[in-house]
Every structure is written in structure tokens, then in C-alpha cells.
Amino acid sequence: MANSRTVLVTGATLGIGKGIASVFAKNGYKVALTARNAEHGAQAEQTLKAVSGNEDVLFVPGDVTSLESMRQVVGTTVETFGSLDVLCANAGMFPSAKLDAMTERQWDEIFDVNVKGMLFSIQAALDALRASVAGRIVITSSITGPVTGFPGWAHYGSTKAAQLGFMRTAAIELARDGITVNAVLPGNIYTEGLQDLGEDYLNSMKASIPMKRLGDVEDIGHAALFFAQETSGYVTAQSLIVDGGQILPETLEAVDA
Ligand code: NAP
């Protein structure tokens, strides 16, 4: 499926970002992946080329907490593929810290990556997105923060809610450039990181989800692809929950009633 559009996915070497990149690659987009670890980057580039049959997949090392680094990533992307039409601002971290023990450093670090990293990715991409006939920004937020809470994630939930506040003003500022800004809010998605939690824990997570399964990383990719398409140009500042119905039940009993 040929496609003349280019996407840059941040945090694309593992987990949800890799799933987003995979869906775009399978749909013929030219795909630039960025993250810090070059070994994971090379592996992701190779895997995505193989599963999609798309040779236009490129890993470019970068750190979203540095505007200069993100400018270099965008520069390489445009130089290689000729344009940048879609930015998926996905890179994020989610360490746990309960309120009593949470340090200033932990608070600052998670805001640096999840919120400032999103801002720098977008700032670096703006000129290229303005040059596109249909510039698109898709943010990976979460149900945690905007909709739900989880002990240990007060700081994380704050960053994910902050992304939605940012999105609403950014969407107004960029509307006249024809750039849309939307967000996908994943529920519990099965990633490499979750494999260490053990079968019992994963089963208890599945039990609370009406669809009785964790999300697949490509479930998030398909939602991002909807926002990214040229035909979605009248949809902006919207958030799409992709959680298998996880937030719906009033009680755990409701899931099996
Ligand atoms: P993950 O598996 O830990 O992957 C995170 C990715 O981000 C990696 O590629 C990592 O690579 C990259 N990254 C981290 N810090 C970075 C930085 N400073 N600069 C550039 N890249 C960086 O995470 P995930 O579970 O896929 O989560 C991805 C996004 O989805 C996050 O925004 C998260 O909040 C959101 N989310 C996840 C879930 C879930 O169930 N997994 C649910 C809701 C929302 P390097 O370390 O090599 O840089």
C-alpha cells in the first residue's frame, strides 16, 4: 500500500510506540523511529521492515528531553524521506512513587520526559508539519490521570492529564495551519515491560477488563492512524480511549454479571 506521507514516532523502539510505527509501516507510510537506545533502535528498524515489507523505516537516535536533539531527528527525517506529515508524540515513562516518598527529582524527571518531551518533539516538528498539506500531531496520553487513578502514579497521572490540557490550546494555535492535535488514551496494553509482572498479575488485570484481554500495541496504532489520515482533518483536540471497556464497570462484579 503506497503512501507518500511520512510519520515520526517518538519512543518507537519498544511497546506502544513500536506498535504505532508498525501500523503506519504496514499502511505504506515512510516511518522514522526515535528513542535513545541505539541497539533497540536497530532491532526495531529491522523488525518493522520485516513485518511490514516496507523498506522506508529508519531509526534516528534522539532524546525528547532535548530540543536540539529533536531538531536533529526531524532534520534527518525530512532529509531522508522528503517531508514530515505526522508526529506521534509517544515517548513516556511511568515509574511508581507513593505520595509520602515522592521526591522532587522524581516529579521533575517524569514531567521532563512526558510533558516537556512532548513539547520539544512538537516544537521541533512544527515547520515541517506546516509545510505538509495535512499536518497531524497524535499524542499518547493514558486513561491514568485524565480518567482513572492508580496508587503510585499521582505524578504520572498528572503528566497524562497535562498533555490533554496542552492539546486543547495547541489545537487552536495550529488550526489555521491545517494541523490537527489529538490524543489516544490507552488502557492496559501488553508490552515487553509487562512480561516481567508474571502470569497471575496479568490474569488479574485481564479480569477487570470487559473484553477480557489486555490491549495489543497495534490497537493503539490503529487509533493513531485514524487521527493521522488526511481525511480526519476536521477532527481536532479530541481524545480517544482505547481500553477494551476497562473504565466502564461500576464494580468488579459488573464485569461478569
Ligand atoms: P515502554 O515500553 O517503556 O517504551 C518507551 C519508549 O520510549 C522506548 O522506546 C524508550 O526508548 C522511549 N523513551 C523513553 N524515554 C525517552 C526519551 N527521553 N527520549 C526518547 N525516547 C524515550 O513504554 P510504553 O508502555 O510503550 O509507553 C509508551 C507511551 O504510552 C507512554 O507515553 C505511556 O505513558 C503511554 N501508555 C502506556 C500504557 C501501557 O499499558 N503500556 C498505557 C497507557 C499509556 P529509550 O529508553 O531507548 O529512549
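Notes on the structure follow.

The rules behind each value
Residues numbered from 1 in each chain as written. Predicted model: local features only at pLDDT ≥ 70, side-chain atom pairs only at ≥ 80, totals over all residues. Heavy atoms only, no water. Helix = DSSP H or I, 4+ residues; strand = E, 2+ residues; numbered from the N terminus. Expected span 1.5 Å × (residues − 1). Bend = angle between axes of the 7 residues up to and from the residue. Buried < 20%, exposed > 50% of the residue type's maximum accessible area, 1.4 Å probe, protein only. Polar contact = N/O pair within 3.5 Å; in protein donor to acceptor, adjacent residues only side chain to side chain. Near = heavy atom within 4 Å. Areas by Shrake-Rupley, 256 points an atom, 1.4 Å probe, with all protein chains shown as cover. Axes fitted to C-alpha atoms, helices over the stretch in contact; angles between N-to-C directions. Left-handed = near helix turned anticlockwise from the far one by under 90°. Contact = heavy atoms within 4.5 Å. Nonpolar A, V, L, I, M, F, W, Y, C, P; charged D, E, K, R; others polar. Patch = residues over 30% accessible without salt bridge, like charges linked within 9 Å, V, L, I, M, F, W, Y side chains within 5 Å. Salt bridge = Lys/Arg side-chain N within 4 Å of Asp/Glu carboxyl O. Pairing = 2+ DSSP bridges. Right-handed = clockwise from strand over helix to strand, strands pointing away.

**Notes on helix α4 (residues 104–131)**
Here α4 contains 28 residues, and its C-alpha end-to-end distance of 40 Å stays within 8% of the 40 Å for a straight helix at 1.5 Å per residue. At Ala125, α4 shows its largest kink, close to 50°.

**Comments concerning the side chain of Gln163**
Within the element layout of this structure, Gln163 appears in helix α5 (residues 154–175). Using a relative accessible area of 1% as the deciding quantity, one classes Gln163 as buried. Reaching out from Gln163, the side chain makes a polar contact with the side chain of Lys160 at a distance of 3.3 Å.

**A closer look at the site of the ligand**
Not every one of the 26 residues close to the ligand is listed here, only the nearest: Thr13, Ile16, Arg36, Asn37 and Tyr156. Between the ligand and Lys160 there is a distance of 2.9 Å, counted from an oxygen atom to a side-chain nitrogen or oxygen. Measuring from an oxygen atom of the ligand, one finds a backbone N or O atom of Ile189 at 2.9 Å. When isolated, the ligand has an accessible area of 890 Å², and the protein chains bury 89% of it.

**Brief notes about the packing of helix α3 (residues 67–81) against α4**
Look at α3 against α4: their axes get within 8 Å of each other, and the N-to-C directions meet at 35°. Where α3 crosses over α4, the two elements pack in a sense that is right-handed. Counted together, Leu67, Met70, Arg71, Val74 and Val78 of α3 and Phe120, Ser121, Gln123, Ala124, Ala125 and Ala128 of α4 form the full contact between these two elements. Of the residues belonging to the contact of α3 with α4, the class tally is 8 nonpolar, 2 polar and 1 charged.

**A look at a nonpolar patch on the surface**
On the surface, Val147, Ile241, Ile247 and Leu248 cluster together into a nonpolar patch covering about 330 Å² of accessible area. Looking at the element boundaries, Leu248 is found in the loop between β7 (239–242) and α8 (252–256).

**Describing the pairing of strand β5 (residues 136–140)**
Of all 5 residues that make up β5, 5 are buried, and the element is covered over most of its length. In the sheet, strand β4 (residues 86–89) pairs with β5 via 4 bridges, with the strands oriented parallel. If you follow Ala89 over to β5, its bridge partner there is Ile139. A crossover links β4 with its parallel partner β5, the connecting element being α4, and its sense is right-handed.

**A word on the environment of Gln163**
On a C-alpha basis, the gap between Gln163 and Val115 in space is 6.4 Å, while along the polypeptide they are 48 residues apart. Aside from chain neighbours lying at most four places away, what touches Gln163 is Asn114, Met118, Ile139, Thr140 and Ser141.

The values reported here are purely geometric and, on their own, carry no functional implication.
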